[in-house]
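Structural characterization, general
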Amino acid sequence: MVQKIKLSTIAETLGISTATVSLALRDSPLVAGNTREKIKEQARALGYIYNRRAASLRTSRSGIIGVVVHDIMNPFYGEILKAIESELDRSRHTFILSNHYDNVEKQRTFIETLLQLGGDGVIMSPAIGTPPEDLQLAEENGMPAILVARSMDGLELPTYRGDDSYGISLATNHLIGLGHRSIAMIGGTDQTSTGRDRYQGYVNALRKAGIEVDPNLRIPGPRSKQGGFEAAVHFLSLPQQPTAAVCWNDLVAIGLMNGIARAGLVPGRDISVTGYDDLEEASIATPALTTVWNGQTEVGRLAARALLDRLAGSHEPDGMHLIKPEMRIRQSTSPHRPRA
């Protein structure tokens, strides 16, 4: 019996992905001309017959949606995912989840796998360094993409996220209103749109209040509880002796408060701390965390709805769709009091 030649056989022989082979055999412009010819030549040599009837099945809906985020262990993404799932359930769609951990190659493999499975669409918070071509691969092969939490330069895709610059300015202005003038910002990275926007919101608020922006009061990097806890040592040793901290997210803020308490100080009394996202844990932290609601439930719901509308043939305009954040004032902030 003659063994049936599969796309994966051609891919393994040439050392490329199965998705690339499939695209080349369909004369996709996403694959360079010389590469397409090389793949077709190899297919002929192996005796592969392209089954156009099977390929035509791609035009029907599979009911599968891909969702890819940085790390589902972060409750922020968990809340977005829960809202996406609830919205997709209404239309009897199921989803496949992947964490990319800011690994572009891992994210690319997930998108290629979705294409092979005939995924209807993908909702994603893109990894740092994602090239536009990776999403164009999905879009141009009938698998629309919706972005959440992070935006991308060079692509006009529907993007749903909180207004990060405005949100962080709310937290910074709250501290300024309490009399704080030496305010640190802890966490985040300029490699993401979120990080850039949040830092800009912090800077704008300080400048508007006539407070000089001191780059030494920025401690970039932390995005987790452990990161916030470890940053407490750096924060408490700053020569400027900040009396307050605007944190990248609630996890960093809670970790920082634990580090402050470990050092013998009382967060919320000796040092004011704000978070960001208003996760469920924020209201039951000790002290209860003053933070900014970032609309992650709305982000997930609207993103899923936008994708379903696109699959139905109608959709909102491409581009940014911002959710307006709201301040949540609790016990982790108080009026400025000089440190002894």
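Given the structure is predicted, the values throughout are model-derived calculations rather than measurements.

1. Here we look at the pattern of salt bridges
- Scanning all chains against the criterion turns up 19 salt bridges.
- The partner of R161 in a salt bridge is D164, with the nearest N and O atoms 2.9 Å apart.
- Residue class for R161 comes out buried when judged on its relative accessible area of 6%.
- According to the relative accessible area criterion, D164 is buried, its value standing at 2%.
- Through salt bridges with shared partners, a single network forms among R161, D164, D197, R198 and D277.

2. Considering the nonpolar core
- Judged by nonpolar contacts, the single largest core of 38 residues is most densely connected at I183, I186, Y202, F235, L256 and V273.
- Taken together, the elements giving at least two residues each to this core come down to α8 (164-177), β6 (183-186), α9 (193-208), α10 (225-236), β8 (244-247) and α11 (250-262).
- By residue number, the principal contributor to this core is α11, which donates 6 residues.
- Apart from residues lying up to four places away in sequence, F235 is in contact with A184, I186, I219, P242, A244, A245, L256, I260 and I271.

3. Some thoughts on α11
- The end-to-end C-alpha separation of α11 is 18 Å, in line with the 18 Å expected for 13 residues at 1.5 Å each.
- Counting buried positions over the 13 residues of α11 gives 10, a clear majority of the element.
- Summarising the contacts, the buried residues of α11 are in contact with α5 (75-90), β6, α10, β8, β9 (272-274) and β10 (291-293).
- By the N-cap criterion, in which a side-chain oxygen at the helix start approaches the backbone nitrogen of a residue two or three places on, α11 is capped by N249, the distance to L251 being 3.1 Å.
- At the exit of α11 stands G264, carrying a positive phi of roughly 95°.

4. Description of the side chain of N249
- Counting through the fold element by element, N249 comes out in the loop between β8 and α11.
- N249 sits in the buried class, given a relative accessible area of 2%.
- Setting aside anything within four residues of it in sequence, one finds N249 in contact with N74, R223, G275, Y276 and D277.

5. Details of the sheet that holds β9
- Here 4 strands make up an open sheet; going across it, the order is β7-β6-β8-β9 and the pairing parallel. The two strands at the open ends of the sheet, each matched to only one other strand, are β7 (218-219) and β9.
- Bridge count for β8 against β9 is 3 bridges, and the pairing is parallel. Considered in β9, the bridge of A245 is made with V273.
- Of the strands in this sheet, β6, β8 and β9 touch α8, which is tilted by about 170° from β8.
- Packed onto the sheet, α9 meets β6 and β7 and runs at close to 175° relative to β6.

6. Quick word on the packing of aromatic side chains
- Taken as a whole and judged by the stated rule, the model has 2 aromatic pairs.
- Summarising the aromatic geometry, the rings of F76 and Y77 are spaced 5.1 Å apart at their centres and angled 70° between planes, so their arrangement reads as edge-to-face.
- Judged by relative accessible area, which is 7%, Y77 ranks as buried.
- The side chain of R198 reaches across the aromatic face of W248, ending 4.5 Å from its centre.
- Over the aromatic face of Y199 sits the side chain of R218, whose NZ or CZ is 3.8 Å from the ring centroid.

7. Examining the domain arrangement of the chain
- Per the domain assignment, the segments making up the chain are domain 1 (5-49), domain 2 (62-160 + 294-322) and domain 3 (162-292).
- Using only C-alpha atoms to locate each centre, domain 1 and domain 3 end up separated by 51 Å.

8. Observations concerning the layout of surface pockets
- Considered as a void within the structure, the second largest pocket measures approximately 310 Å³ in volume.
- The wall of the second largest pocket is formed by 21 residues, among which N74, Y77, R223, W248 and N249 lie closest to the centre.
- At the level of elements, α5, β5 (159-162) and α9 are the ones that each hand at least two residues to the lining of the second largest pocket.
- Its residues assigned to classes, the lining of the second largest pocket comprises 7 nonpolar, 7 polar and 7 charged.
- The residue makeup of the lining of the second largest pocket includes at least three contributed by each of domain 2 (62-160 + 294-322) and domain 3 (162-292).

9. Some remarks on the environment of P267
- Within the secondary structure, P267 sits in the loop between α11 and β9.
- Note on P267: relative accessible area 10%, which makes it buried.
- Considering only alpha carbons, one finds P267 and M257, 10 residues apart in sequence, at a separation of 5.7 Å.
- The residues touching P267, leaving out its near neighbours within four places in the chain, are M257, I260, A261 and P287.

10. So, the side chain of H180
- Relative to the helices and strands, H180 resides in the loop between α8 and β6.
- Excluding residues within four positions of it along the chain, H180 makes contact with L175, I211, T243, A244, S272, S334, P335 and H336.

Thresholds, definitions, all that
Residues numbered from 1 in each chain as written. Predicted model: local features only at pLDDT ≥ 70, side-chain atom pairs only at ≥ 80, totals over all residues. Heavy atoms only, no water. Salt bridge = Lys/Arg side-chain N within 4 Å of Asp/Glu carboxyl O. Buried < 20%, exposed > 50% of the residue type's maximum accessible area, 1.4 Å probe, protein only. Core = buried A, V, L, I, M, F, W, Y, C linked by side-chain atoms within 4.5 Å. Helix = DSSP H or I, 4+ residues; strand = E, 2+ residues; numbered from the N terminus. Contact = heavy atoms within 4.5 Å. Expected span 1.5 Å × (residues − 1). Polar contact = N/O pair within 3.5 Å; in protein donor to acceptor, adjacent residues only side chain to side chain. Pairing = 2+ DSSP bridges. Axes fitted to C-alpha atoms, helices over the stretch in contact; angles between N-to-C directions. Phe/Tyr/Trp six-rings, centres within 6.5 Å; stacked < 30°, edge-to-face > 60°. Lys NZ or Arg CZ within 6 Å of the ring centre and 35° of its normal. Domains from an automatic or database assignment. 1 Å grid on protein atoms, 1.4 Å probe; cavity = no way out; pocket = protein on both sides within 12 Å on 5 of 7 lines; lining within 4 Å. Points joined across faces, edges and corners; volume = space filled by probe spheres on them. Nonpolar A, V, L, I, M, F, W, Y, C, P; charged D, E, K, R; others polar.

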